[in-house]
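Single-letter residue listing:
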Amino acid sequence: MGVSAHADGPLVALRGLNKSFGEQQVLFDVDLDVERGEVVVVIGPSGSGKSTLCRCINRLETIDAGEILIDGESLPEEGRALASMRAQIGMVFQSFNLFSHRTVLENVSMGPRKVLGHTRVVAEAEARRLLARVGLAHKADAVPAELSGGQQQRVALARALAMSPKLMLFDEPTSALDPEMVSEVLQVMLELAQSGMTMIVVTHEMGFARQAADRIVFMDGGRIVEIAQPDTFFAGPRSERGRDFLSRILEH
């Protein structure tokens, strides 16, 4: 990968994003820049538009108005150009979406072979390196059904990283996990954040947000209400809605 001609601008620029599902508008004029190497954590109450925003960034959801720029280039709407740009954006969902009939090694190495054209030897060597990075080198020959939920999510993370993405999107990656498995996934994400990966993370894990984020984006009612550094936000949100949200979260 050569250095982008747009290496001086933000990696992700969202301009005036609007999105409706039928009659219900879920995003209102969302503007956001994400710099290279920055970890932006998006928080807010249920139904605030966080996951929809995340899914719009790689066109899993279409937008009604606005523009999404990745590396200074407008996100294509369809076809090969979109597939090419999507290959540079890793995504980890609530559900693991692993191929159940394939081994862990095959799940992680398949994308680089089919999309990036890597040989089996190269793809599998990289897959083993990434499985070691997420603490699962010993599970390379297992199938997903033999893994815990936390292990499956770490495989999904390794699979996304195998594509050498320039951006990682996380949509509530721990919400489907049993509580004791949450920390093992968050730990890998924290290490990834500290390694310099550009990340946009939708989560309700406030400890992770406080520890890993460069900036907190607080959303409510389909709008970005405030953007702040973690220490500033958790010490005292500027907005009443932010204060209300935090008081409810911290009571539990």
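- Looking at an unreviewed UniProt entry, one finds the protein named Glutamate/aspartate transport protein and attributed to Caballeronia insecticola.
- For the protein, the Subcellular location (unreviewed entry) comment in UniProt is given as "Cell membrane".
- For the protein, the Sequence similarities (unreviewed entry) comment in UniProt is given as "Belongs to the ABC transporter superfamily."

### Observations concerning the sheet that holds strand S4 (residues 65-70)
Step number 1: Read across the sheet, four strands follow the order S2-S1-S4-S5 without closing on themselves; strand pairing throughout is antiparallel. Of all the strands in the sheet, the pair left with one neighbour each is strand S2 (24-34) and strand S5 (73-74).
Step number 2: As paired elements, strand S1 (residues 12-21) and S4 share five bridges and run antiparallel to each other. Bridging across to S4, Val 12 finds its partner in Ile 70.

### Some thoughts on helix H5 (residues 149-161)
Step number 1: Between the first and last C-alpha of H5 there are 18 Å, a value that for 13 residues agrees with the 18 Å anticipated at 1.5 Å per step.
Step number 2: Among the 13 residues of H5, twelve are classified as buried, and the element is accordingly described as predominantly covered.
Step number 3: Listed as buried for H5 are Gly 149, Gly 150, Gln 151, Gln 152, Gln 153, Arg 154, Val 155, Ala 156, Leu 157, Ala 158, Ala 160 and Leu 161.
Step number 4: Where H5 is buried, its residues contact strand S6 (89-92), helix H3 (104-114), helix H4 (120-133), strand S7 (167-171) and helix H6 (179-194).

### Observations regarding the packing of aromatic side chains
Step number 1: In the structure shown here, the tally under the stated rule is three aromatic pairs.
Step number 2: Centroid distance Phe 218 to Phe 233: 5.8 Å. Interplanar angle 35 degrees. Geometry classified as tilted. One end of the pair, Phe 218, is in strand S9 (residues 215-220); the other, Phe 233, is in helix H8 (residues 230-235), and 15 residues separate them in sequence. A single burial state applies to Phe 218 and to Phe 233, both of which are buried.
Step number 3: The interplanar angle of 40 degrees and the centroid separation of 5.3 Å between the aromatic rings of Phe 218 and Phe 245 together place this pair among those described as tilted. Pair noted here: Phe 218 is in strand S9 and Phe 245 is in helix H9 (residues 240-251), with a separation of 27 residues, a long-range link.
Step number 4: Looking at Phe 245, the relative accessible area reads 10%, which means it is buried.
Step number 5: Ring pairs connect the aromatic residues Phe 218, Phe 233, Phe 234 and Phe 245, which therefore count as one cluster.
Step number 6: The aromatic ring of Phe 28 is capped on one face by Arg 223, whose charged end is 4.1 Å from the ring centroid.

Reading the values: the criteria
- Per chain, residue numbering runs from 1 following the sequence as it is written.
- Local features in this predicted model are restricted to residues of pLDDT 70 or higher, and side-chain atom pairs are both shown and tallied only at a pLDDT of 80 or more, whereas totals for entire chains, interfaces and linings draw on every residue.
- To get the side-chain values, all heavy atoms of the structure are used, and hydrogens and water are removed first.
- UniProt positions are given in the numbering used here, feature names are shortened, and annotations may be inferred rather than shown by experiment.
- Two strands are said to pair when DSSP picks up at least two bridges between them.
- Helix and strand labels come from DSSP, where a helix needs a run of H or I of at least four residues and a strand needs a run of E of at least two; each type is numbered from the N terminus.
- Expected span of a helix, by definition, is 1.5 Å for each gap between consecutive residues, and there is one gap fewer than residues.
- Three labels apply to residues, based on accessible area from a 1.4 Å probe with only protein chains included: buried if under 20% of the type maximum, exposed if over 50%, partly exposed otherwise in between.
- Throughout, a contact is declared for two residues whenever any of their heavy atoms are within 4.5 Å.
- Working definition: rings of Phe, Tyr and Trp (its six-membered ring) pair if their centres are within 6.5 Å, and the pair is stacked with planes under 30 degrees apart, edge-to-face with planes over 60 apart, and tilted otherwise.
- Only when the NZ of Lys or the CZ of Arg is both within 6 Å of the ring centre and within 35 degrees of the ring normal is a charge said to sit over the ring.

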